[in-house]
Structure formats: C-alpha cells, structure tokens
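# Close look at the chain arrangement
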Amino acid sequence: MSNMNIPLFLLLTIALLHCLFVSSAVQATSFKINKQLNLNQTIPNNLGINTHFVGSLLDPLPNEMKMILNAGFHWIRDDLTWSTIETSKGFYNYTPIDPFVFNTFKKSNNFRGILIFDYGNPLYDDNLPPFTQTGRNAFANYVVTTMKRYQGLNILFELWNEPNSDWYWYPKANPYNYYLLAKTVFELKEKVVPNEILVGPASTQMGFDFLEIIFQLGVLNYFDAVTVHPYRDDVPETVIPDYKRLKQLIEKYKPKDKDIPMICGEWGYSLLSPNVTNSNNPFDMQGKILSRMFLVNIANEMKVSIWYDWKDDCTNTTYNECWFGAVQQDYFPNSEEYPFIPKSPYIAMKGIYKVLNGYEFKEIIVQENNLFVYRFIEKQNNRDVYVGWHLTSKENQIIRIVKEKKLCYNIIHWNGQKEDGQLCTREVNNQQILFLTLLNGEPTYFQL
C-alpha cells in the first residue's frame, strides 16, 4: 500500500521512463480498429441515460424501461460492481443481474449498454482499488468472466468510474495503479474475449492531468474509446475547448493505426446547480441545459452522450445530489405511459427525439461569440433542421442563412411544442435568406 500516495512529479517521471521503455514494443504492434464499436450517429442512437438497476441489484419497475425508450434514450449506463458479483473468492454470482442484462441488451435490441467494472472488493486489497498484482489479477478475472458471460451483446465495457477522484479511487487517485489495472485487464481479455470492447477511464471534470499521465504510460493501447465526465459549474458550452484539447491528447498518444473515438459517458446538471437554480425558471432550465449539452456534444465529436441521471435520488431540498434526475422518483404503477413524473430533462429529450429522430449532424453554422447554430440532415428525404440559441445579454439574436431557393420551416421549441405558422426565407438582393431568431439559453428548432 506504500505506493497509494505517490507524488505527482514522481508519477510523471515514472510515466516518462515507462514510455521510453515500451516505445519500441508499441511501435511494432499492430492495433486494429474494433469494428464492433459501431457507434451509429443517427439520432437517437448516440444518446442515453445513467441508471442504477444493475449496480443496486434492482429490476426496473413495470413500464419503466418503456418510458426510457419512449423518450428516445438509446444507451443505458450502469454498474457491474465487483463486490456484488464476486461474493467469495473465485465464485461469481450473476443471478440478480442476468435478467436485466440479457433482456435489455440482447432480446429487445432497442438499447445499447455501457456497463462499468468498478470499486473494491473486501476479498482483496483491503476493499480498496487494486494496488497489488494479486488484486489486479483477481479484478481482471472478474472482468473477463463477466465479459465472457455477456459476450456478443450490445455492450461496451468500461474500466472503473471516475478513477481520478479520491472518492472513487480511495484513498487517493493513482494514475499509475490505474494504468497497471488496465494493462492487466487487457492482457487477459485479449486471451479470452478479444472481440469484446473495453473503454475508459471515465475521468470526472475531464481530469487532464490524470489523462495525460495514463496516456503517456500507454493506456490507449488498451481502450477502444475514451470516456470522460465533463462536470462543471459553468454552462455546458464551455466544454468545447476541452473536447478539442482531449482530441489533441488522444492524437498525440494513441497508436498510429488505431481510431479512438470520444464518449461523454456521464454528465448532468442538478436542479440545484448554479446555472439552473439561478435562472428565472429552474424547472425548465434543467431541460434546456440537457438539450444544449447533447447538441454541443454531437457537434463536437462526442460519439455517445449520456445524461446523469434517470431518477432523482432523494428529496432533501438542500442536497445537490438528489436532483439530477430526468424524472421524479415517485412511482405510479397505474400509469402505463408515465409511471414516473417527467421533469424538464425528460421533456427536452422527447423534444430532441420528436424533431431529430433519423437525422445526423451535418455542420456547425456558428459556434462563437456566444452564438450556437447547428445543422442536421435527414438523408433519406433530403430534409434539414437548424437548431440554435445564444448566451449573450440580449433577449434575441438574428442569424442569416443563405438558401438556394424559397423554403419554409416549422418552428419548434426545446420542449417539442410547435409554433403556429412557418418561418419562410425572404428574398434579399436576389438571394433567399432564412432569418433565424435565437432565444437566450433556449434551443429552438427550425425544421424543413
């Protein structure tokens, strides 16, 4: 346990020495792109929700999965907690979780999963994140046994949750130990289930210092995608330069012939988050932020985006963690369509699904000076949708878009409500111009 608190400068030194040691081996290795990744970018195939079914050993309630699906959430992220699966050394109990995993990710084919291998086990290394090779080997055995059981399902397997946080990698985040765990898991996985997909590290608040160390050490040799949790107190649009920085880091350290996409594996805003609670209407603002977060992610190369959380966790009116949910926590068994009361994030997701179902991101029209306008296209019918908003001090902003001919667009608000009438192009100097009115902090869709 003496290496649990290695200083940052020493970790960097270890990382550099390790990179020098393994560089020739890495260059000589052929890393193929994992074709099974198949990250479909047609909406809503790239959007999802965090749940706590598997990790809490709870089955969804009647009509709960139907309500998730009806909103357009395609991905489910949940835990495969080590201590609940390996309950005695070498014995793995899947009985409580098999029905959910097989029913959700095999039989219906409506959902894809990101399932997380995480947390300590009292059977090994004092219930701490593995810090001995014995503990790492035991963790790898649990990972690969689970992968083998669920191989071939629509699942990406993720290595740990927020290991750059002292809370989840207790008592002190340790990038070198995380790298060693990834290496041990990967080497066994390649022998037993080489086609299964491993992603990580699910670092919180981006965690660039942590990421650079594990990238230098060579963790990108082991992952098929990089997952991050971009939590912040600021507005979601501030993530854009962070995504550019992450992409540059991946390009710098990845094997030359390996494509490593970026995934936003968890991110949300509580009803008590500053940008929500300080707005004129916090209940609506939480949903508007979900829309903005998902749209910004899609436009900036995040191949999957997961909202945290599905349900509110508690009812303490002063505790931030209670209020991340897309729905309230009370269950109404007699309601088939809405067994849980929708909050604005659920309504906003249904708005995305209603307007952009079957569309793909096409281009950024503007993404600067606090103006955001994106264009999506539906290839089958050659239709497009613009969506935009602004974050300036003004009430409204106008954006001009030149079109080839006269066209008329429906105006649809963030919550899926359609305005009466249409917005049509106007002829200006022999050009057809579409004048988009952007609202402050409120995405508006203009659908052909």
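Rules used in this analysis
Residues numbered from 1 in each chain as written. Predicted model: local features only at pLDDT ≥ 70, side-chain atom pairs only at ≥ 80, totals over all residues. Heavy atoms only, no water. Core = buried A, V, L, I, M, F, W, Y, C linked by side-chain atoms within 4.5 Å. Buried < 20%, exposed > 50% of the residue type's maximum accessible area, 1.4 Å probe, protein only. Helix = DSSP H or I, 4+ residues; strand = E, 2+ residues; numbered from the N terminus. Contact = heavy atoms within 4.5 Å. Disulfide = S-S within 2.5 Å. Pairing = 2+ DSSP bridges. Axes fitted to C-alpha atoms, helices over the stretch in contact; angles between N-to-C directions. Salt bridge = Lys/Arg side-chain N within 4 Å of Asp/Glu carboxyl O. Phe/Tyr/Trp six-rings, centres within 6.5 Å; stacked < 30°, edge-to-face > 60°. Expected span 1.5 Å × (residues − 1). Parallel < 35°, antiparallel > 145°, perpendicular 65-115°, else oblique. Nonpolar A, V, L, I, M, F, W, Y, C, P; charged D, E, K, R; others polar.

### Thoughts on the nonpolar core
By size, the foremost hydrophobic cluster in this structure holds 111 residues, and its most contacted members are Phe 139, Phe 215, Val 219, Leu 246, Trp 310, Leu 356 and Tyr 374. At nine residues, the largest contribution of residues to this core is made by helix α10 (residues 282-299). When residues no more than four places from it in sequence are discounted, the contact partners of Leu 246 are Met 206, Phe 208, Leu 211, Phe 215, Val 226, Val 228 and Met 262. Membership of the second largest hydrophobic core comes to 14 residues, among which are Leu 371, Val 373, Leu 407 and Tyr 409.

### A word on the state of the cysteines
Scanning the entire structure with this criterion turns up two disulfides. Covalently, Cys 314 is tied to Cys 322 through a disulfide, its sulfur atoms 1.8 Å apart. Disulfide Cys 314-Cys 322: the torsion about the S-S bond is -100 degrees, which places it as left-handed. Residue Cys 314 is classed as partly exposed on the basis of its relative accessible area of 24%. Under the relative-accessibility criterion, Cys 322 is labelled buried at 0%. Across the disulfide from Cys 408 sits Cys 424; the S-S distance is 2.0 Å. Its torsion about the S-S bond being 105 degrees, the disulfide of Cys 408 and Cys 424 is classed as right-handed. Of the two residues, Cys 408 is situated in strand β17 (residues 408-413) and Cys 424 in strand β18 (residues 418-424); the sequence distance between them amounts to 16 residues.

### Some points on the sheet that holds strand β5 (residues 112-118)
Strand order in the closed barrel made by the eight strands is β1-β2-β5-β6-β7-β8-β9-β10, with parallel pairing throughout. Neighbouring strand axes in the sheet, compared pairwise and without regard to direction, differ in orientation by 30 degrees on average. Note: strand β6 (residues 155-159) against strand β7 (residues 198-204), two bridges, orientation parallel. The partner of Phe 157 across the bridge, within β7, is Leu 198. Against the sheet, helix α8 (residues 240-253) touches β8 (225-229), β9 (262-267) and β10 (302-307), its axis set at about 135 degrees to β9.

### So, helix α7 (residues 208-217)
Most of α7 is tucked away: eight of the ten residues are buried. Residues of α7 that are buried: Phe 208, Phe 210, Leu 211, Ile 213, Ile 214, Phe 215, Gln 216 and Leu 217. One or two steps after α7, the chain reaches Gly 218, where phi turns positive at roughly 115 degrees.

### Observations concerning the pattern of salt bridges
Within the structure shown, the criterion is met by 19 salt bridges. Put simply, Arg 77 and Glu 266 hold a salt bridge, and the shortest N to O gap is 2.8 Å. Taken together, the residues span a long stretch of sequence, with Arg 77 in strand β2 (residues 75-81) and Glu 266 in strand β9 at a distance of 189 residues. Just as Arg 77 is buried, Glu 266 falls in that class too. Glu 212 is paired through a salt bridge with Lys 252; the nearest N and O atoms lie 3.8 Å apart. Of this pair, Glu 212 sits in helix α7 while Lys 252 sits in helix α8, and the two are 40 residues apart along the sequence. We classify Glu 212 as partly exposed; its relative accessible area is 24%. Accessibility expressed as a relative area gives 57% for Lys 252, which makes it exposed.

### Quick notes on the sheet that holds strand β16 (residues 396-403)
Judged by pairing direction, the sheet is antiparallel, and its three strands sit side by side in the order β16-β20-β19 without closing on themselves. Edge strands, defined here as strands with exactly one partner in the open sheet, are β16 and β19 (426-428). Adjacent strand axes in the sheet meet at a mean angle of 45 degrees when their direction is disregarded. For β16 and strand β20 (residues 431-439), the ladder comprises eight bridges, and the chain directions are antiparallel. Bridge assignment links Arg 400 to a residue of β20, and that residue is Phe 435.

### Some remarks on the packing of aromatic side chains
Considering all chains together, one arrives at 32 aromatic pairs under this definition. Aromatic pair Tyr 119 and Tyr 168: ring centres 5.6 Å apart, planes at 20 degrees, arrangement stacked. Here Tyr 119 is found in the loop between β5 and α5 (133-149), whereas its partner Tyr 168 is found in the loop between β6 and α6 (175-192), with 49 residues between them in sequence. For Tyr 168, a relative accessible area of 28% corresponds to the partly exposed category. Seen from their ring centres, Trp 310 and Tyr 346 are 6.1 Å apart, and the 55 degrees between their planes marks the pair as tilted. Separated by 36 residues along the polypeptide, Trp 310 in the loop between β10 and β11 (327-331) and Tyr 346 in helix α11 (residues 344-356) bring together distant segments of the chain. Overall, Tyr 346 belongs to the buried group, its relative accessible area being 1%. An aromatic cluster of three or more residues is present, and its members are Trp 82, Phe 117, Tyr 119, Tyr 124, Phe 139, Tyr 142, Phe 157, Trp 160, Tyr 168, Trp 169, Tyr 178 and Phe 210.

### Side note on α11
In an α-helix, one turn spans 3.6 residues, which is why side chains three or four residues apart end up on the same side. A rise of 1.5 Å per residue sets the reference length of α11, with its 13 residues, at 18 Å; its end C-alpha atoms lie 18 Å apart and thus fit the reference within 8%. Within the sequence span of α11, burial applies to Ser 344, Pro 345, Tyr 346, Ala 348, Met 349, Gly 351, Ile 352, Val 355 and Leu 356. Looking one or two residues past α11, Gly 358 carries a phi angle of roughly 90 degrees, positive in sign.

### Observations concerning the packing of helix α2 (residues 64-71) against α11
Put simply, α2 and α11 touch, their axes get as near as 8 Å, and they point 50 degrees apart. Relative to α11, the element α2 lies oblique. Contact with α2, carried on its side by Met 67, Leu 69, Asn 70 and Ala 71, involves Tyr 346, Met 349, Lys 350 and Tyr 353 of α11 and no other residues of that element. Looking at side-chain class alone, the contact of α2 with α11 contains six nonpolar, one polar and one charged residues.

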